[in-house]
Amino acid sequence: MPATVVVGLQWGDEGKGKTTDLLAESVSMVVRYQGGDNAGHTVVIGDEVFKLHLVPSGVLHPHITPVIGSGVVVNPRTLLDEMAMLEERGIDTSRVRVSRAAHVIMPYHVELDRAAEARLDSDGIGTTRRGIGPAYADRAWRTGIRIGDLLHPDELRQKLMRVLPQRNAVLSDSFGVAPFDLELLMVDALEWGRQLKDLIVDTTVLVQDALSAGEHVLLEGAQGTLLDIDHGTYPFVTSSNPVAGGACTGGGVGPRQISAVIGVLKAYSTRVGAGPFPTELQDDIGRHLLEKGREYGTTTGRRRRCGWFDAVPLHYAVAINSVSGIMLNKIDILSGLPEIRLCTGYRLDGREVSWPLDADELLRVEPIYETFPGWDADLTHLTYAKRLPANAAAYIDAIEALAGAPITLVSVGPERNQTIVREPRLISPTTAYPRLAIA
Ligand code: GDP
Ligand code: IMO
Ligand code: MG
């Protein structure tokens with residue numbers, strides 16, 4: 001009963017969509033376990049580019065059951081629009097299933113997120129303004145609306161009567177935003193329920209039945225470890241647990257049912273939104289990564305901040321996710337740079353420090369770099385590891401050694417076939433995390 005988790009090890013946008021689509025070939029179910037439509041996962045098949053926000057990236061394989069687990073916050077409008085987009089492009093969405101326990105992102109959540117961010121302006125988190133934080137806050141406050149509630153008008157009305165006056169008060173009193181009308185919300189919500197009704201199930205039972213039947217389940221994380229609400233650069237994080245542990249709570253699997261954790265890395269770093277980013281580049285190299293890597297947000301279109309690969313949080317990320325193998329994406333983007341830097345340490349107030357650090361400390365650290373010679377060759381047609389330029393191979397080996405986990409897949413372009421499978425590596429994940437940064 002194998003379950004495999006796909007988890008981002010950086011600040012999101014590592015290429016989890018490509019990785020999931022690739023691995024989905026050999027599984028029967030793909031489950032999104034947290035986040036919402038703040039995620040933007042791109043899958044490229046020939047000339048076709050699919051940008052998915054809620055529907056699991058396995059949907060493009062006809063044999064997959066795509067499942068939205070209970071840990072996801074669902075904006076029903078986004079989900080319905082996304083399924084309509086897929087249907088229009090010939091992708092069957094009749095197999096999609098949504099957890100009845102998943103929380104609904106209501107229009108007031110989106111408005112609260114927007115208003116709070118607009119108020120803070122440049123001091124904000126730089127959220128995607130999709131209502132993610134407010135929806136998870138209502139979940140924690142036990143005042144949330146769940147997907148299953150959309151099928152029960154009386155209960156739904158009662159719940160809205162309890163929560164809406166409170167949210168409306170904040171919207172109008174604190175932000176000067178017009179309050180939402182309960183009856184109009186009821187009309188929309190019941191219509192979402194009507195359209196989604198055949199998809200709504202207990203997804204934990206669905207996942208457990210699949211595992212009991214010996215099927216292979218893939219759990220697709222959104223965002224990344226450094227955006228995790230517990231393990232990331234708080235408060236510049238999202239409001240859920242992207243780490244592999246989140247796959248248990250939000251996907252409906254037990255820890256011992258997970259047999260593999262595939263950590264997804266990008267060959268350099270990016271970050272969207274505010275928050276510390278020690279290796280950020282504001283120069284021509286940063287522009288090279290931005291333009292060649294097309295580092296513009298899949299969800300918001302925002303320009304992603306770009307920088308050198310930061311190996312300082314890598315051991316921590318490998319350890320807390322118990323990563324068994326790594327897929328390293330976008331190595332092709334580094335071609336043409338005369339030299340490549342890898343951040344292997346930080347200096348703070350003259351002292352060497354390591355992960356984890358508080359956000360305000362991270363803002364002040366000075367990166368320590370190891371420099372590697374670059375390569376010019378175009379890597380996008382390579383299919384064998386042995387054909388990689390020696391300098392590229394050395395850079396990959398260095399990341400692998402710092403991770404303490406094997407890099408088993410290397411991606412050289414957005415398409416499925418632009419992937420190099422490396423021979424089994426003799427690096428034991430148990431060697432990960434040799435030192436802790438306890439001052
Ligand atoms: P995700 O959020 O982790 O799924 O990543 P995004 O889809 O937001 O961003 C990754 C982008 O890189 C997408 O446009 C992918 O099509 C693209 N991509 C993934 N792997 C590679 C690769 O190896 N090389 C290149 N050039 N692009 C890639
Ligand atoms: P995928 O799944 C990159 C960032 C936002 C912001 C912070 C909080 O495509 O990797 P939120 O809207 O979640 O409250 O915003 O998190 N963020 C992402 N950055 N990739 C993502 O998803 C992200 N989802 C949220 O930019 O800094
Ligand atoms: Mg993305």
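Reading the values: the criteria
Residues numbered from 1 in each chain as written. Chains lettered and ligands numbered in written order. Predicted model: local features only at pLDDT ≥ 70, side-chain atom pairs only at ≥ 80, totals over all residues. Heavy atoms only, no water. Helix = DSSP H or I, 4+ residues; strand = E, 2+ residues; numbered from the N terminus. Rg over C-alpha atoms; globule rule 2.2 N^0.38 Å. Buried < 20%, exposed > 50% of the residue type's maximum accessible area, 1.4 Å probe, protein only. Contact = heavy atoms within 4.5 Å. Lys, Arg positive; Asp, Glu negative; His and termini not counted. Charge placed at Lys NZ, Arg CZ, Asp CG, Glu CD. Near = heavy atom within 4 Å. Polar contact = N/O pair within 3.5 Å; in protein donor to acceptor, adjacent residues only side chain to side chain. Areas by Shrake-Rupley, 256 points an atom, 1.4 Å probe, with all protein chains shown as cover. Donors = N, O, S within 2.8 Å, 3.2 Å for Na, K, Ca; no water. Axes fitted to C-alpha atoms, helices over the stretch in contact; angles between N-to-C directions. Parallel < 35°, antiparallel > 145°, perpendicular 65-115°, else oblique. Left-handed = near helix turned anticlockwise from the far one by under 90°. Nonpolar A, V, L, I, M, F, W, Y, C, P; charged D, E, K, R; others polar.

Draft legend 1. Fine view of the overall build of the protein chain. Scanning the protein chain from N- to C-terminus turns up 12 helices and 20 strands. Scaling as 2.2 N^0.38, a compact globule of 439 residues should have a C-alpha radius of gyration of about 22 Å, and the protein chain matches this with 22 Å. Principal-axis analysis of the C-alpha atoms places the extent of the protein chain at approximately 65 × 50 × 40 Å. Buried residues in the protein chain amount to 56% of all 439 residues. Long-range contacts, defined here as pairs at least 24 residues apart, represent 77% of the contacts in the protein chain between residues at least 6 apart. Side-chain charges in the protein chain split into 43 positive and 54 negative, and the spacing between the mean points of these groups amounts to 1 Å.

Draft legend 2. Summary view of the site of ligand 2. Around ligand 2, the surrounding shell holds 21 residues, and the nearest of these are Lys16, His41, Thr128, Gln223 and Thr238. Between an oxygen atom of ligand 2 and a side-chain N or O atom of His41, the distance comes to 2.7 Å. Within the side chain of Arg302, an N or O atom sits 2.9 Å from an oxygen atom of ligand 2. Protein contacts shield 98% of the accessible area of ligand 2, which totals 550 Å² for the unbound molecule.

Draft legend 3. Main features of unusual backbone geometry. For the peptide bond that leads from Tyr234 to Pro235, omega is 10°, which places it in the cis range. The amide bond that connects Trp355 to the next residue, Pro356, takes the cis arrangement and shows omega of 0°. Looking at where Pro356 falls in the secondary structure, it is placed in the loop between strand E17 (351-353) and helix H11 (359-362). A positive phi angle, close to 60°, is found at Arg142, a residue other than glycine. The topology assignment puts Arg142 in the loop between helix H4 (132-141) and helix H5 (153-175). Of note, the phi angle at Lys330 is positive, near 65°, even though the residue is not glycine. Relative to the elements of secondary structure, Lys330 occurs in the loop between strand E15 (325-329) and strand E16 (339-348). Residue Lys330 is classed as partly exposed on the basis of its relative accessible area of 22%.

Draft legend 4. Region of interest: the coordination of the magnesium ion (ligand 3). Note on the magnesium ion (ligand 3): its protein donors are Asp13 (OD) and Gly40 (O). The metal-donor distances range over 2.0 to 2.2 Å. Of this pair, Asp13 sits in the loop between strand E1 (3-8) and helix H1 (16-24) while Gly40 sits in the loop between strand E2 (29-32) and strand E3 (41-45), placing them 27 residues apart in sequence.

Draft legend 5. Local environment of the packing of helix H3 (residues 107-120) against H4. Interhelical geometry of H3 versus H4 gives an angle of 120° and a closest axis separation of 7 Å. The orientation of H3 relative to H4 falls into the category oblique. For the pair H3 and H4, the sense of crossing is right-handed. Together, Tyr108, His109, Leu112 and Asp113 of H3 and Ile132, Pro134, Ala135 and Asp138 of H4 make up the contact between the two elements. Looking at side-chain class alone, the contact of H3 with H4 contains 5 nonpolar, 1 polar and 2 charged residues.

Read these as layout, nothing more, since geometry by itself doesn't imply function.
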